[in-house]
Amino acid sequence: MRWWLLLVWLGWCFAARPPPTVTIPGQGAVFGKEITVSRSQRAIAYLGIPYAEPPLKERRFLPPRSDPPPAWKGLRDATFFRNACMQSEDALRKHDRLVTKLLPDEKIVFHEDCLYLNIFLPEGKVTDPWPVIVWLHPGDFRVGAANFWDGSALAVKQKVIVVTLGFRLGIFGFLTTLDNEIPGNNGLLDQVAALDWVQRNIQLFGGAPSKVLLAGHGAGGISVGLHLVSPLSAGKFSHAIAMSGSALAPHALQRKKVQANLIDSLAVELGCHRTPTSDLRSCLQQIDTRFLMEKVDNVDAWGPILDQPFVNESGRFFLAELPVDSFQSGRFAKVPFLTGYVKMEDAWEFFDSTENRITQEQYEANIMKFAQETEIELMEEEEEKMDEDYSGNCTVNTQLLVDSISFYYSPHPPIVDDTVRLQQYLTLSAERKYGAGAFRQAYFMCPHGPTYVYRFDYKLKTNGIMDLPDWLEVPHMFELIFVWGMPYWSSLPSATVWNAADKRTADVIMAMWTSFLRTSNPIQSSLNIKWDKFTAENPAVILLDRNFDMNDGSLLNYKSFEFWNEYYPRVTEAAKICCNLTATAARTRYDFFATVIVIGANLRFFH
C-alpha cells in the first residue's frame, strides 16, 4: 500500500512543478505558470512580458521605443496579466459583451503603461519548433484587451504557440496632428514592435519565427490587412487571417479632414495652443490621463490614417499609400491568406431592442444613411483635392445612391414582415461593411498564394452563454467562441455546460485555422470537409455552418460583392456633379450615367 501512496505523492510533486524559467537576452529571466485544460492536458503561460518601454509622459503620442527593449533585474513573475490599454469601460462592455459576459469576474486595470504581450504554449518537450499565432484583438481601435483571450486551449489542443498583445487605443494610439509631431498610427506601430519581439525571441519558448500567423478580428482584421501593405511589417509573418475586417473595408481608414477637425476641437476643449503643433503635443502630454479620457470618451473617429506625408521620430511611416493602391500595384506581402465574415455582423445594434424589427420607413432611412456616408466620403475627397490646388467644387446626388442601393436590395414582391425586413437590412450591412472588402482583398491575394474565404453561419447551441432570438443568426464576434476553443477554457465558470455539437465545431474550427498555418491549407486529411481555394476563376466561399459545405451559389449572393466592389463605385462617380462643368455638360453627364445605371441594372447586375 505504501508504494501506491509514494506514487501519488510523486505524481503530486510532478504536477506542482514550476514551469521552466526562460531568459530573454537584453531583458531578463521570467517564470510563468501552468494552466490545466483537461485532466491530461496543460499549457504553460508567460504573461505580461513588456515588448516596449511604457509610453508615458514625454513618450505619450510617440512611436514605441523597443530598441533596446525594457529590462529588469532578478526573476520576473509572469503569472498574471498586466494593464490593458486606456479606454472607455462602458464602450468596452458594449463592444466586447460576449467575453465580458463569459468572464464576469475578470478584473482589468486600464493604464497607459500597457505594451505587454502574453505567451501560451503546450506543455512538453519541444522536438520541432511550434508554429506561432500572433493575435490582434477586436474593438474598433477604441477598446479591447489581450487579457480576455485565453490561448491555453488553442495552444494545447493544436500544438501551437499563441501570442496575444496589447496596443494603444483611441486617442493614445491614433491621435494625429497631420504632421511630423504626431504622425499617427502609434497603435499599429505598437503591433510592429510586438512582431519584432516575436521574431527575436519566440524561439526561446520553442516557437518557429519562420512560421508566424498574424490573425485578427474586427479592428484586428483591418490591422492584418494593413500589415500586408505596410513596409514596416514585411517579413515579420508567414501567414495571415483577417476575420470580420479588411484593409479595403469602407471604415478601415480615417480621413484627414475628420482628424483635422477633431484636433481643432480638442485643442479648444483642453485649452491648448493649436499651433505650433510642438506646443500642442507638449500640452496634451501633460494632461492627466483620466481627464483626457473623459474629454474624448464619446469620440469614435480614432483609427489608422495614411501617414506617408509625415514621418515619426525614427524617420519612418507605417502606411505609404492607400491599401487599394498597394494591392493594385502588387506592393504587399504575398503570403497564404484566409478571410471571411459572419452572416449578421451588425445584429448587436438590434439585440437589445424589444421589437426586433424595422419598418419600411426605418429600412429606407438606413439606406439613406449608407448613401450619406458615401456622400461625406466623396466631399472629403474633393476637399483634399482642393488642398492640393485642385480647382473645382462638387455636390453629390444622394438620391441616386439611395435609388441604386434600394433597387438592388429591395426584393419583389416587397417584404411585408418587419422581422424579415430587419434580416434583409442586416444582410445588406454585412455585405457592404465586411463581405465586399474581404472578397476584394481575396481577389488581390489569390494569384500570389493559397487563399481561402468563408462566411460563418453556425449558430451557437449552448444555452446560457448569450441566448439569441430566433430571428438573429450569427452576430459579430460569435465565431471567436470556436476559433479560440472557448468550450475548453478553464477560466470560464464551472457551471457552464457546453453543447456537444458546439464542442465538436470548436474542434473543427481550431483544426482548420492551425492546419492553414502549418500547411497553407485549412483542411486536414482527417477532416471529411471540402474547402476549395479562392481563385479569380473560381471565387469559392465555404459556408461554415452545421454542414461545412462549399457554397453552391444558392446560399451566398455573389452579385452583392460585385455590386459594392464594381458597380456602386461607378454610381458614386455618376452621382458627383462638379461646378467646373457647364450646367449643360453636368446635366448631360448625369443623364448619361443614369442611363448606364438603368441599362446595367437590366442587363448585368439585377437580372
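What you are looking at is a predicted structure, and each value in this text was computed from that prediction instead of being measured. (Residues numbered from 1 in each chain as written. Predicted model: local features only at pLDDT ≥ 70, side-chain atom pairs only at ≥ 80, totals over all residues. Heavy atoms only, no water.)

The next point concerns the sheet that holds strand β2 (residues 28-31). Taken in spatial order, the three strands of this open sheet run β1-β2-β5, and their pairing is mixed. Pairing within the sheet leaves two strands with one partner each, and these edge strands are β1 (21-24) and β5 (75-77). Each strand of the sheet is rotated relative to its neighbour by a mean of 35°, with strand direction disregarded. Bridging between β1 and β2 involves four bridges; their strand directions are antiparallel. Counterpart to I24 in the pairing with β2 is G28. (Pairing = 2+ DSSP bridges. Helix = DSSP H or I, 4+ residues; strand = E, 2+ residues; numbered from the N terminus. Axes fitted to C-alpha atoms, helices over the stretch in contact; angles between N-to-C directions.)

The next thing to look at is the nonpolar core. Counting 199 residues, the largest nonpolar core has I119, M512 and W513 as its most contacted members. It is helix α15 (residues 418-445) that contributes the most residues to this core, 11 residues altogether. Discounting residues that sit within four places of it in the chain, I119 has contacts with I44, A45, Y46, I49, I161, V162, V163, W197, I202 and F205. (Core = buried A, V, L, I, M, F, W, Y, C linked by side-chain atoms within 4.5 Å. Buried < 20%, exposed > 50% of the residue type's maximum accessible area, 1.4 Å probe, protein only. Contact = heavy atoms within 4.5 Å.)

For the rest of this paragraph, the subject is the pairing of strand β9 (residues 207-217). The buried count for β9 comes to eight of 11 residues, which makes it a mostly enclosed element. Bridge count between strand β7 (residues 130-136) and β9: six bridges; the pairing is parallel. Bridge pairing in β9 places L136 opposite G216. Taken together, the five bridges between β9 and strand β10 (residues 239-243) define a ladder with parallel strand orientation. When the bridges of β10 are listed, H217 appears paired with M243. One crossover worth recording links β9 to the parallel β10 by way of helix α7 (residues 219-229), and it is right-handed. (Right-handed = clockwise from strand over helix to strand, strands pointing away.)

Attention now goes to the packing of helix α14 (residues 398-409) against helix α18 (residues 558-575). In helix packing, the relevant descriptors are the interaxial angle and the interaxial distance, both defined with respect to the helix axes. For the pair α14 and α18, the least separation of the axes is 10 Å and the interaxial angle reads 160°. By the angle class used here, α14 and α18 are roughly antiparallel. Crossing handedness for the pair α14 and α18: right-handed. Contacts between α14 and α18 pair L400, L401, S404, I405, Y408 and Y409 from the former with K559, S560, F563, W564, Y568, V571, T572, A574 and A575 from the latter. (Parallel < 35°, antiparallel > 145°, perpendicular 65-115°, else oblique. Left-handed = near helix turned anticlockwise from the far one by under 90°.)

Next up on the list: α18. An ideal rise of 1.5 Å per residue puts 26 Å on 18 residues; α18 measures up with 25 Å between its terminal C-alpha atoms. A bend of about 40° at Y567 is the largest found in α18, and the proline P569 appears one to four places after it. Looking only at α18, the buried set comprises S560, F561, E562, F563, W564, N565, Y567, Y568, V571, T572, A574 and A575. Between a side-chain oxygen at the N-terminus of α18 and the backbone nitrogen of K559 the separation is 3.2 Å; the capping residue is N557. (Expected span 1.5 Å × (residues − 1). Bend = angle between axes of the 7 residues up to and from the residue. Polar contact = N/O pair within 3.5 Å; in protein donor to acceptor, adjacent residues only side chain to side chain.)

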